[in-house]
Amino acid sequence: VASEDGYDRFITHWVGWMLATAARDAVSAQRWMDAQQDFLDRSGVMETWLSALSATMTQVVSGGDFRDHLRRTLGLADREGYRAHGDCVLALAYAEVCAGRFEPAAELMGTAVASRFNTTAHYVFYRVVLDQWVRRHLEPEQVRAAIERGRGRTAAAVLARFVAGG
């Protein structure tokens, strides 16, 4: 163990999960998410809005309905004192990427970035996972225009519409 508190395991699990989500590998993403949650449970941290958002994205890559996961994430963030709308829009953008809809994903990326992220980890997810997929499938001008359109929407409005079923 490289650290007395096990933080190295936390980072290892997160990096493994990140790579699995980048590869859109549902089985590996779930395995890494389970290992992370087990570590958090053993350490006494339990579920936080951050781990809930990772679980939401794991549900996304698995192809299931993630609406309830996203509602739970938003509720946890609110109880923990975070305004995590921008972070949570990343899950919507990831769902679009997983469905092969890259222009709507880019619009949601614009919304998320304009709303700001609460953690550096979500900026990494944005750059390593979302941005890479979108830029591989769209022309630079398409990406720029879609992101700009997305900046015109608020994350709160996008999420409200989604969790309401629209």
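Parameters at a glance
- Residues numbered from 1 in each chain as written.
- Predicted model: local features only at pLDDT ≥ 70, side-chain atom pairs only at ≥ 80, totals over all residues.
- Heavy atoms only, no water.
- Helix = DSSP H or I, 4+ residues; strand = E, 2+ residues; numbered from the N terminus.
- Rg over C-alpha atoms; globule rule 2.2 N^0.38 Å.
- Buried < 20%, exposed > 50% of the residue type's maximum accessible area, 1.4 Å probe, protein only.
- Contact = heavy atoms within 4.5 Å.
- Areas by Shrake-Rupley, 256 points an atom, 1.4 Å probe, with all protein chains shown as cover.
- Lys, Arg positive; Asp, Glu negative; His and termini not counted.
- Charge placed at Lys NZ, Arg CZ, Asp CG, Glu CD.
- 1 Å grid on protein atoms, 1.4 Å probe; cavity = no way out; pocket = protein on both sides within 12 Å on 5 of 7 lines; lining within 4 Å.
- Points joined across faces, edges and corners; volume = space filled by probe spheres on them.
- Nonpolar A, V, L, I, M, F, W, Y, C, P; charged D, E, K, R; others polar.
- Axes fitted to C-alpha atoms, helices over the stretch in contact; angles between N-to-C directions.
- Parallel < 35°, antiparallel > 145°, perpendicular 65-115°, else oblique.
- Left-handed = near helix turned anticlockwise from the far one by under 90°.
- Phe/Tyr/Trp six-rings, centres within 6.5 Å; stacked < 30°, edge-to-face > 60°.
- Lys NZ or Arg CZ within 6 Å of the ring centre and 35° of its normal.
- Expected span 1.5 Å × (residues − 1).

Q: Could you clarify how one ought to interpret the overall build of the chain in this entry?
A: Of the regular secondary structure elements, the chain holds 9 helices and 0 strands. Going residue by residue from the N terminus, the α and β elements of the chain occur as α-α-α-α-α-α-α-α-α. For 166 residues, the compact-globule estimate of 2.2 N^0.38 gives 15 Å, and the C-alpha radius of gyration of the chain, at 15 Å, lies within 12% of that figure. Counting only C-alpha atoms, the chain reaches 50 × 35 × 25 Å along its principal axes. Within the chain, the fraction of its 166 residues that count as buried is 45%. Once local pairs closer than 6 in sequence are excluded, the contacts in the chain between residues at least 24 apart make up 70%. Element-wise, carbon and sulfur atoms account for 52% of the exposed surface of the chain, whose accessible area totals about 8,400 Å². When the 19 basic and 20 acidic side-chain charges of the chain are each reduced to a single mean position, those positions are 5 Å apart.

Q: Explain the layout of surface pockets here, please?
A: With a probe scaled to a water molecule rolled over the atoms, the places where space remains empty come into view. Considered as a void within the structure, the largest pocket measures approximately 350 Å³ in volume. Every residue lining the largest pocket is counted, 20 residues in all, and those nearest its centre are Phe10, Trp14, Leu50, Ser54 and Ala121. Contributions of two or more residues to the lining of the largest pocket are made by helix H1 (7–22), helix H2 (26–43), helix H3 (49–62) and helix H7 (120–137). A total of 6 residues in the lining of the largest pocket trace back to one element, the largest contributor, which is H1. Of the residues belonging to the lining of the largest pocket, the class tally is 14 nonpolar, 6 polar and no charged. The computed volume of the second largest pocket comes to approximately 250 Å³.

Q: Looking at this model, I keep getting lost on the packing of H3 against helix H4 (residues 67–79). Mind explaining?
A: The description of two packed helices rests on the angle between their axes and on the distance between the axes. Relative to each other, H3 and H4 sit at 170 degrees, their axes nearing to 8 Å. By the angle between their directions, the pair H3 and H4 is classed as roughly antiparallel. With respect to the hand of their crossing, H3 and H4 are arranged in left-handed fashion. Between H3 and H4, the contacting residues are Trp49, Ala52, Leu53, Ala55, Thr56 and Gln59 on the first element and His69, Leu70, Thr73, Leu76 and Ala77 on the second. The residue inventory of the contact of H3 with H4, partitioned by class, reads 7 nonpolar, 4 polar and no charged.

Q: Any chance you could explain the packing of aromatic side chains here in plain terms?
A: What describes a pair of aromatic rings is the distance from one ring centre to the other and the angle between the planes of the rings. Under the criterion given, the structure shown has 8 aromatic pairs. Grouped by ring-pair contacts, the aromatic residues Tyr7, Phe10 and Phe39 constitute a single cluster. Over the ring of Phe162 we find Arg67, and its NZ or CZ is 4.4 Å from the ring centre. One cation-aromatic arrangement involves Arg136 over Trp133; the distance from NZ or CZ to the ring centre is 4.9 Å.

Q: Would you take a moment to explain H7 for this structure?
A: Structural remark: α-helix, 3.6 residues per turn; residues separated by three or four positions point the same way. In a regular helix each residue adds 1.5 Å, so 18 residues correspond to 26 Å; H7 covers 25 Å between its end C-alpha atoms and thus fits that length. Taken together, the buried positions of H7 are His122, Phe125, Tyr126, Val129, Leu130, Asp131, Trp133 and Val134. On the buried face of H7, the contacting elements are H1, H3, helix H5 (85–98), helix H6 (102–115) and helix H8 (140–151).

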